[in-house]
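Structural overview for review
The primary structure of each chain is shown beneath.
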Amino acid sequence: QGPSVSVFTSTGKNLVEMSRRASTKISRRLYYAHTNLLIISEELAKEEGINKMFDALVRDPEFRTTATVVIAHDTNASDIVKTLTAVDKIPANKVIKTLKFTERRWGEHLNVNIQEVVKNLLSSGKEPVISGFRLVGNKEQGKKMENIQQTALDALLQAEGLAIFKEGKLVNWHQGKPARGILWVLDKIKATDVNVSWEKDKDAIAYQVIRQKTQISADMKNNRPHISIHVRAEGDIGEVTVPVTLNDPNVLFKIEELLEKEIKKEIKEAVQLAKEDKTDIFGFGDAVYRSNPVEWKKLK
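First, a word on what this report is: a plain description of the structure on this page.

**A closer look at unusual backbone geometry**
With the exception of glycine, most residues fall at negative phi, and the peptide bonds are largely trans. One non-glycine residue, Asp74, lies in the positive phi region at around 55 degrees. Mapped onto the elements of the fold, Asp74 is located in the loop between strand S2 (68-72) and helix H4 (77-82). Assessed through its relative accessible area of 53%, Asp74 is described here as exposed. Even without glycine at this site, Asn223 takes up a positive phi of about 65 degrees. Within the secondary structure, Asn223 sits in the loop between strand S8 (201-221) and strand S9 (224-240). Asn223 gets classed as exposed once you look at its relative accessible area, which sits at 63%.

This is how it looks when you write it as structure tokens:
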């Protein structure tokens, strides 16, 4: 009748000390090969950065580098693992499954693991992007069994935003279409819905993307790198709310042009925001390195 999880808290000067201090509260050895989720607080990611903390995790032979990483967005990291969830009894499973599902269906979030984060932190030509998770509702009520014994939950965990990093520190959050623009460039869109207007009717046609492929290339012009982003998307019409003659090839070409314009707009907005943050989250540096290693040594 009780909750499916118990939460213990430990502190220390570093992760190794903290882990061993936990022995004063727990009657079992902490076995990190079972770890499947790492939640990092927004405060830590902003102020201290995440570079140092991954050292202990990567050195531990038991710790799986395939564990999912998320950032607690406007929420205490501990509150996410303390909130009881209805369908998935274990909060960590709820977070991981929600992240994988929304990445596969909506295309504004990214399921990244420790190995990918460390790889991007070490790369001189790419910065990490990590999905955020937020607790919505009454956090105190979310810790009680009553939270999952009703149809409308008082506290709910939901994916929200992409955390943008620069030199290991969180510098900004992006949500909505700019977040999807980031995933377009990263070649991570598995499926999504793009709405376009038809004549005077706004968002009249819903286009379901079922597959896409993005290629990034770089070349040097006048000693400056030029980046090309080529996106190919395929899909079908999911919904039409106004009269449209879909068996007319000219109409289909017109819809394709509108979709192309919308997708290009999202990508340009994402690139512009990355320029304002002054961080290369797309791996443009890696593209320059692959095309011209000599020039990259001067630019990096």
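**Topic: the sheet that holds S9**
Taking strand neighbours across the sheet as the criterion, the three strands line up as S7-S8-S9 in an open arrangement whose pairing is antiparallel. In this open sheet, the two edge strands, each paired with only one partner strand, are strand S7 (192-198) and S9. On average, each strand axis in the sheet is inclined to that of its neighbour by 45 degrees, with strand direction left out of account. Where S8 lies against S9, 16 bridges are found, and the strand directions are antiparallel. Residue Ser217 lies in a different strand from S9, and its bridge partner there is Ser228. Relative to S8, helix H10 (residues 284-291) is tilted by about 40 degrees, and along the sheet it contacts S8 and S9.

**Considerations on the environment of Gln158**
Mapping Gln158 onto the fold places it in strand S5 (residues 155-166). Taking the C-alpha atoms as reference points, Gln158 and Ile80, 78 residues apart in sequence, are found 9.8 Å from one another. If near-sequence neighbours (up to four positions away) are discounted, Gln158 is found in contact with Gly132, Phe133, Arg134 and Val136. A distance of 3.0 Å separates polar atoms of two side chains, one belonging to Gln158 and the other to Glu160.

**A few points about the side chain of Asn120**
Secondary-structure assignment places Asn120 in helix H6 (residues 114-122). Asn120 gets classed as buried once you look at its relative accessible area, which sits at 15%. Those residues within four positions of Asn120 in sequence are excluded, and the remaining contacts are Lys126, Glu127 and Pro128.

**Topic: the pairing of strand S4 (residues 129-137)**
Side-chain positions along a regular strand alternate between the two faces of the sheet. Extensive coverage of S4 is indicated by the burial of seven of its nine residues. Here two bridges tie S2 to S4, and the two strands are oriented parallel to one another. What sits directly across from Ile71, in S4, is Gly132. Bridge analysis of S4 against S5 gives eight bridges, and the strand direction is antiparallel. The residue of S5 that forms the bridge with Ser131 is Leu162.

**Here's the deal with the packing of helix H8 (residues 177-185) against helix H9 (residues 249-277)**
Viewed as axis vectors pointing N to C, H8 and H9 meet at an angle of 95 degrees, and their least axial separation amounts to 7 Å. One finds that H8 runs roughly perpendicular with respect to H9. Between H8 and H9, the contacting residues are Lys177, Pro178, Arg180, Gly181, Ile182, Trp184 and Val185 on the first element and Glu262, Ile263, Glu266, Ile267, Glu269, Ala270 and Leu273 on the second. Here the residues of the contact of H8 with H9 are counted per class, giving eight nonpolar, one polar and five charged.

**Structural notes on the pattern of salt bridges**
Tallied over the entire structure, the rule returns 17 salt bridges. One salt bridge connects Lys213 with Asp187, and the closest N-O pair in it is separated by 3.2 Å. With a gap of 26 residues between them, Lys213 in strand S8 and Asp187 in the loop between H8 and S7 connect regions that are remote in the sequence. Given a relative accessible area of 46%, Lys213 falls into the partly exposed group. Residues Arg232 and Glu234 are paired through a salt bridge, measuring 3.8 Å at the closest nitrogen-oxygen approach. Overall, the relative accessible area of 53% leaves Arg232 in the exposed class.

**Overview of a positive patch on the surface**
A surface patch of like charges, here positive, comprises Lys202, Lys254, Lys261 and Lys265. Relative to the assigned elements, Lys202 resides in strand S8. Lys202 sits in the exposed class, given a relative accessible area of 71%.

What counts, and at which threshold
- Residues numbered from 1 in each chain as written.
- Predicted model: local features only at pLDDT ≥ 70, side-chain atom pairs only at ≥ 80, totals over all residues.
- Heavy atoms only, no water.
- Helix = DSSP H or I, 4+ residues; strand = E, 2+ residues; numbered from the N terminus.
- Buried < 20%, exposed > 50% of the residue type's maximum accessible area, 1.4 Å probe, protein only.
- Pairing = 2+ DSSP bridges.
- Axes fitted to C-alpha atoms, helices over the stretch in contact; angles between N-to-C directions.
- Contact = heavy atoms within 4.5 Å.
- Polar contact = N/O pair within 3.5 Å; in protein donor to acceptor, adjacent residues only side chain to side chain.
- Parallel < 35°, antiparallel > 145°, perpendicular 65-115°, else oblique.
- Nonpolar A, V, L, I, M, F, W, Y, C, P; charged D, E, K, R; others polar.
- Salt bridge = Lys/Arg side-chain N within 4 Å of Asp/Glu carboxyl O.
- Patch = residues over 30% accessible without salt bridge, like charges linked within 9 Å, V, L, I, M, F, W, Y side chains within 5 Å.
- Areas by Shrake-Rupley, 256 points an atom, 1.4 Å probe, with all protein chains shown as cover.
- Lys, Arg positive; Asp, Glu negative; His and termini not counted.
- Charge placed at Lys NZ, Arg CZ, Asp CG, Glu CD.

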